[in-house]
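Chain residues, written in single-letter form:
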Amino acid sequence: MSDIVQTGPVAVAVVPPSRFKRRALKHKGLMIGTIIFAIIVLIALLAPFISPHDPYAQDLNNRLVPPVWYERGSWLHPFGTDNLGRDYLSRTLYGAQISLLIGISVMVISGTIGTALGLAAGYFGGRIDLVVTFIITTRLALPVVLVALAVVAMVGGTLGIVIAVLGLLKWDRFAVVMRSATQQVRSLDFVEAARASGAGQLRIILKEVLPNVMPHLIVVGTVEAASAILLEAALSFLGLGVQPPLPSWGLMISEAKNFMFFSFWLIAIPGAALALLVLAINMMGDGLRDVTAPDSRS
Amino acid sequence: MFNYTLKRLALAALVALAVSALAFVLLRLSGDVAIAIAGEGARAEDIAAVRQQYGLDRPLVVQYFDWLGRTLQGDFGQSLYFRTPVFDLIVTKIQTTLILAVLAIAFALALSIPLGVMAAVWQNSWIDRLCLWIAVAGQALPNFFFALCLVMVFSIGLGWLPVSGADGWEHFIMPTVALGYYVTPPFMRLVRAGMIEVLGADYIRTARAKGLPASTVILRHGLRNALVPVVALTAVQLGFLLGGSIVIETVFALDGLGYLAYQAISQKDFPVIQAVLMLLSVGYVVLTLAADLVNAWLDPRIRVG
């Protein structure tokens, strides 16, 4: 366990903004990821305006209409309709809102908890470090999927509950990375200088340490947002996460499972949407790690 | 080594205790056991009677130690849904999950070690790029969606493999691939990074200078040292797989611990959920303890420092 907690980033130096921008623009993966992500964010924001139909409106006379690229498909429902006759394109577009909301909210909650713990442990060391390391180790021993499933199933599967449960569970990687990054920054000259000039502990942590561990925080944040999106999809797929009729991509795959033999597009479309969003976020994360590393390969 | 082992054992015991308490309290705060026992739609006085009969009106701390004491003696209680002792349920189901977890890890290692080594040896070549894409795709594909795609191709399209069940070895192929592929990326990245680091080391240059064949240098001298961190990751991933198999076992109706947990959660079967949760957490603690001890034995710097 000790070595899980110890593996973390080694790089400390922050790349200056001008060089960061030049490197970022040259990094293909980062650019492609950012563009796809931006498009999905736009879709989520504009869903009410660009959706051809109401995502909840059922039309039982037009159930399981295939997408436009099939022979029986039509432009009236470009992605076809589901087993209740709801327009699949509209549901897919609205689904982006749920996944993004989950990813970003969980990242903010778990990021706040994990960063606070990691900063405290890394900066103060000693007993505080021992206690925080113990809390992290205990948290790592809890199986996330099982605990999240059980708690959400018992308390009730609303969007808010899913966000709260995942946010309270998924702070471990933030804490681990922030702890080791802070340990490296803590003894550097500018932190010593701030201490010598009589700055308060909180001020040193927020003004000197935090900005210098920020690159690591952003990289972990992207990884965790992607993982939260996949977890929500898995919970909803098992029927124990977000409840119908919300157009969560995981829930859409779950509802379409029984029809997949003849209507494979019903699981292929939300599945592809999920994979594309997670891929874009991971590409951004990998790219940011390359770009912010002091001696990046490119 | 003795002191280190003792310290690590004490820490593991403390963590196991903390996790069991946390799991107990979390579950109890999430739902009401008395209602689960009395059944949906039970009258208020029935629920009150159940609460008193099962001792659920006592303070949570007392209930926890009561439960812990019985659990340590091997008494996991009765399942509310299956109406059998939880211990028997777990014993019959755990084999399937263990087989699946070991197969999935074996699959992941069989895929990631050769690919990781090739990616490191031919850095920035097309093999390196291919490996990167396999890793990136593995991290982005939701595993239940990947599992359904496998079913679509190999069961429905080609008719080669059964859709669900756990009667023979052929039932394990798709779950193994679906679960194993999911944990392949971290292994591949670790092997690749480890090999790149090792291949730049002095003793590798010496081995090359001695005129040893490239394969001997890479496999005997390089891979052996690059695999040390893989041991720790294997333990961590094995613990993760035991939990992650809930989704895959449910997709394939594979009758293991994960599927049992899913059924128990759907039926609010508290004793079963609690037992599985406890088993997985303690299993993780034991696995990481074993990995740490193996690593300390392999690398003296850990146990001294």
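Keep in mind it's a predicted model, so treat the numbers as computed, not measured.

Undergrad: Would you take a moment to explain the interface of chain B and chain A for this structure?
TA: One widely used convention gives an interface's size as the accessible area the parts lose upon coming together. Across the contact, 53 residues belong to chain B and 44 residues belong to chain A. The contact between chain B and chain A buries some 4,100 Å² in all, and 80% of this surface belongs to carbon and sulfur atoms. Contact with chain A buries area across many residues of chain B, yet F144, L148 and I265 of chain B alone supply 15% of it, more than any other trio. Summed over the shared surface of chain B and chain A, the result is one salt bridge. With a closest N to O distance of 3.5 Å, R189 of chain B and D286 of chain A form a salt bridge. For the pair chain B and chain A, the interface holds two residue pairs in polar contact (both at pLDDT 80 or more). Every element with two or more residues in the side of chain B that touches chain A is listed here: α1 (2-30), α6 (126-140), α7 (143-157), α8 (173-199), α11 (228-251), α12 (257-266) and α13 (270-298) of chain B. Ranked by the residues each element gives to the side of chain B that touches chain A, the list is headed by α1 of chain B, at 12 residues. For the side of chain B that touches chain A, a count of residues per class yields 37 nonpolar, 11 polar and five charged.

Undergrad: Whenever I open this one, the pattern of salt bridges confuses me. Can you help?
TA: A side chain with one charge may pair with a side chain of the opposite charge, provided their charged atoms come close. Taken as a whole and assessed by the stated rule, the structure comprises 18 salt bridges over all chains. Between D292 of chain B and R8 of chain B there is a salt bridge, with its nearest N and O atoms 2.9 Å apart. Of the two residues, D292 of chain B sits in helix α13 while R8 of chain B sits in helix α1, which places them 284 residues apart along the sequence. The structure contains a network of salt bridges with shared partners spanning D82, R86, R91 and E255 of chain A.

Undergrad: Any chance you could explain the layout of surface pockets here in plain terms?
TA: A water-sized probe, rolled over the atoms, reveals where empty space remains. All names here are of chain B. Empty space within the second largest pocket amounts to approximately 420 Å³. R28, I37, Y54, R70 and P271 are the residues nearest the centre of the second largest pocket, which is lined by 20 residues in total. Mapped by element, the contributors of at least two residues to the lining of the second largest pocket are α1, α2 (33-38), α4 (60-72) and α13. The leading source of residues in the lining of the second largest pocket is α4, at four residues.

Undergrad: Looking at this structure, I do not really get the packing of aromatic side chains. What am I missing?
TA: For any pair of aromatic rings, the description rests on two quantities: the centre-to-centre distance and the angle between the ring planes. All names here are of chain B. Tallied over the entire structure, the rule returns 12 aromatic pairs over all chains. Each ring, one from F76 and one from F87, has its centre 5.8 Å from the other, and the planes form 45°; the classification is tilted. Here the residue F76 occupies a position in the loop between α4 and α5 (86-121), and F87 occupies one in helix α5, the gap between them amounting to 11 residues. By relative accessible area, which is 41% here, F87 ends up partly exposed. Geometrically, the ring pair formed by F146 and Y181 is tilted, given 5.2 Å between the ring centres and 50° between the ring planes. Of this pair, F146 sits in helix α7 while Y181 sits in helix α8; the two residues are 35 residues apart in sequence, bridging distant segments of the chain. Each member of the pair F146 and Y181 is classed as buried. Members of the aromatic cluster, connected to one another through ring pairs, are F24, Y64, F65 and W67.

Undergrad: Is there a simple way to explain a nonpolar patch on the surface in this structure?
TA: Side chains of L42, L45, L46, F49 and I50 of chain A sit close together on the surface and give an oily, nonpolar patch of about 540 Å² of accessible area. Residue I50 of chain A is classed as partly exposed on the basis of its relative accessible area of 42%.

Cut-offs and rules
- Residues numbered from 1 in each chain as written.
- Chains lettered and ligands numbered in written order.
- Predicted model: local features only at pLDDT ≥ 70, side-chain atom pairs only at ≥ 80, totals over all residues.
- Heavy atoms only, no water.
- Contact = heavy atoms within 4.5 Å.
- Buried area = accessible area lost by both parts, 1.4 Å probe.
- Salt bridge = Lys/Arg side-chain N within 4 Å of Asp/Glu carboxyl O.
- Polar contact = N/O pair within 3.5 Å; in protein donor to acceptor, adjacent residues only side chain to side chain.
- Helix = DSSP H or I, 4+ residues; strand = E, 2+ residues; numbered from the N terminus.
- Nonpolar A, V, L, I, M, F, W, Y, C, P; charged D, E, K, R; others polar.
- 1 Å grid on protein atoms, 1.4 Å probe; cavity = no way out; pocket = protein on both sides within 12 Å on 5 of 7 lines; lining within 4 Å.
- Points joined across faces, edges and corners; volume = space filled by probe spheres on them.
- Phe/Tyr/Trp six-rings, centres within 6.5 Å; stacked < 30°, edge-to-face > 60°.
- Buried < 20%, exposed > 50% of the residue type's maximum accessible area, 1.4 Å probe, protein only.
- Patch = residues over 30% accessible without salt bridge, like charges linked within 9 Å, V, L, I, M, F, W, Y side chains within 5 Å.
- Areas by Shrake-Rupley, 256 points an atom, 1.4 Å probe, with all protein chains shown as cover.

Take it as geometry only, folks, not as evidence of what the structure does.
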